[in-house]
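What the coordinates show
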Amino acid sequence: MNNDVNATWPKLPVALKKIAIDPTSDDYELMCSNYFVTGRPKLILRATTERDVIASIQYVKKIRENVSHSIPFSFRSGGHGISMASVNDGGIILDISQLSSITVTDAEQGLVQVQAGAVWGDVAEALRPFNLIISSGDFGDTGVGGLATGGGIGLLVRRLGLTIDHIVSARLVTADGEIRVTDHQKYPDLFWGTRGGNSQLGMVTAFTFKASKLVEEKSDISLPFTVQTIESQTSNLTKFIQQWQSWITHASSKMSSNLMLTAENRNTVHINASNFWAGSINSDAKALFKSALSLSEVNKQQLETKSYAELVKAPHIPHSGQQPVFVKNILLDAMNANIGDIISKILVSPGIIGIEMRAIDGPLNTINADETAWHDRKAKVFLAMWLQKDTEPHAKEVFGPLQDLGTGVYSSYSSDLSIEESQRIWPEETGRKLRKLITKYDPQHLFNQGHYW
Ligand SMILES: Cc1cc2nc3c(=O)[nH]c(=O)nc-3n(C[C@H](O)[C@H](O)[C@H](O)COP(=O)(O)OP(=O)(O)OC[C@H]3O[C@@H](n4cnc5c(N)ncnc54)[C@H](O)[C@@H]3O)c2cc1C
């Protein structure tokens, strides 16, 4: 790289030179994208230690203070952020993907220390020999840092709740360049805001999670997972959604269900359902899989049994901005009678890729709303609309009728970075509390990437 990143910026400290990448570096093209966009940053700092993270944040602070507070600063863990804020043009990216160690510190208690640059597929693989599982996302390449600061709706959400509900402590680098170990006793305010508040209070370098031991009854054998995938269609989406919700609500918490809805016209909606059963197939599972087939006109069904680690295996696909999309979502405490009609109409709008629905009822609903910065603790269903990036200008209008039905929004699954969206994610007391913490710990808004106020 050039010795001077930018003539107007303060000199790069010696300690950061070895981790700095600029547009003249060989690795630049490999490092300037995330999963959704390619950025053109002036500088990428690829941290390999927590000390690098601290030095990088201190350097960025200096640039902001000496040059301009508007120089973009992004940080990236797994690079799968639907906010797309982990890359930028003309600024700095702090990449911590090399901070990816996963250590089981107490197998009996299920305590696991995970650096925030790890990806969830690798976490599942590292925990497999211990029969431990942390419920995270459904795709192995998603990063620990982004998901575990936002929420974490995983394949076991109906059994184990959100990922953030299993965090025991988090190591957070705040805007003053200090490392703060946060938990229920130490910095409880930061600990509250780090679980659901995204990156607004600082950068997490590592989490300690309490993983769950999921084994066959009266044995030490890890649970198998059976996945039922169903390709089907319906001409009455409202009826299907009502029946699906009733089916999953009455099902054991061992069952999870995700749907992807698509349509070419308003008369027929195609449904790709993935139903996951955690455990050996018993009569309950058989009955549930059978009744799932009666909810729509089935074209194809497949049953497959795998370990959890196999289900969420990380393919480690390099990033090149390969998914140019825009995503909006809502949380729903209850299902509206018109939802099927609204979705059917949206599905035929230009640029729509599909609408995803997941049942999230269960342990998520048992945590008090003021325990974490995830606001909507009554949510039973998560719904997300994926559309082509070039139709983004119409996204809010298209999504409007669904937005009106929502009782909340999941921060880590929204590409809408407007203030209105932040107010929907963190409304009322949750928002007031977060803003107070930002004023206290990050008055210069160093971490104002992604959703902001
Ligand atoms: C294909 C795909 C599947 C997904 N599936 C699921 C799913 O099943 N369940 C689910 O809950 N979510 C899912 N997501 C959403 C995903 O969890 C979020 O987008 C998350 O932010 C990705 O984290 P990351 O570290 O990979 O992202 P990055 O792009 O690295 O970061 C995204 C943002 O998170 C914040 N952030 C990142 N690292 C840190 C850190 N160390 N400390 C503080 N803040 C940080 C920053 O604001 C950053 O801009 C999925 C996303 C994709 C692309």
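Residues numbered from 1 in each chain as written. Predicted model: local features only at pLDDT ≥ 70, side-chain atom pairs only at ≥ 80, totals over all residues. Heavy atoms only, no water.

An unreviewed UniProt entry lists the chain under the name 6-hydroxy-D-nicotine oxidase, with Lacticaseibacillus paracasei given as the organism. Comment text from UniProt for the chain, heading Sequence similarities (unreviewed entry), reads "Belongs to the oxygen-dependent FAD-linked oxidoreductase family." Check the Cofactor (unreviewed entry) section of the UniProt entry for the chain; it says "FAD". (UniProt positions renumbered as here; feature names shortened; annotations may be inferred.)

On to the sheet that holds strand β4 (residues 92-95), then. Pairing in this open sheet of 4 strands is mixed, and the strands run β1-β2-β4-β3 from one edge to the other. On the outer flanks of this sheet lie β1 (20-21) and β3 (73-76), each paired with one strand and no other. As defined by bridge partners, strand β2 (residues 43-46) adjoins β4 across 4 bridges and the pair is classed as parallel. Bridging across to β4, Leu-45 finds its partner in Leu-94. Each of β2, β3 and β4 is contacted by helix α3 (residues 50-66), which is oriented at about 170° to β4, the strand it contacts most. (Pairing = 2+ DSSP bridges. Helix = DSSP H or I, 4+ residues; strand = E, 2+ residues; numbered from the N terminus. Contact = heavy atoms within 4.5 Å. Axes fitted to C-alpha atoms, helices over the stretch in contact; angles between N-to-C directions.)

Its volume calculated, the second largest pocket comes out at about 480 Å³. Along the walls of the second largest pocket sit 23 residues, with Ser-77, Gly-78, Asp-95, Ser-97 and His-319 positioned nearest its centre. In terms of residue class, the lining of the second largest pocket is built from 6 nonpolar, 11 polar and 6 charged. (1 Å grid on protein atoms, 1.4 Å probe; cavity = no way out; pocket = protein on both sides within 12 Å on 5 of 7 lines; lining within 4 Å. Points joined across faces, edges and corners; volume = space filled by probe spheres on them. Nonpolar A, V, L, I, M, F, W, Y, C, P; charged D, E, K, R; others polar.)

Before going further, it helps to spend a moment on the domain arrangement of the chain. Domain annotation of the chain identifies domain 1 (102-215 + 435-441) and domain 2 (225-306). The straight-line distance from the C-alpha centre of domain 1 to that of domain 2 is 30 Å. Each partner contributes to the interface: domain 1 provides 6 residues, whereas domain 2 provides 12 residues. Applying the counting criterion to the domain 1 and domain 2 interface returns 0 salt bridges. Across the contact surface, domain 1 and domain 2 share 5 residue pairs in polar contact (both at pLDDT 80 or more). Here the side of domain 1 that touches domain 2 is composed, by residue class, of 3 nonpolar, no polar and 3 charged. (Domains from an automatic or database assignment. Salt bridge = Lys/Arg side-chain N within 4 Å of Asp/Glu carboxyl O. Polar contact = N/O pair within 3.5 Å; in protein donor to acceptor, adjacent residues only side chain to side chain.)

Non-glycine residue Glu-428 carries a positive phi angle of around 50°. In this fold, Glu-428 is placed in helix α14 (residues 428-441). A residue is classified by how much of its surface remains accessible, and Glu-428, at 55% relative accessible area, is exposed. The phi dihedral of His-445 is positive, around 55°, even though this residue is not glycine. Take His-445: it is sitting in the segment after α14. You can call His-445 partly exposed: its relative accessible area is 38%. (Buried < 20%, exposed > 50% of the residue type's maximum accessible area, 1.4 Å probe, protein only.)

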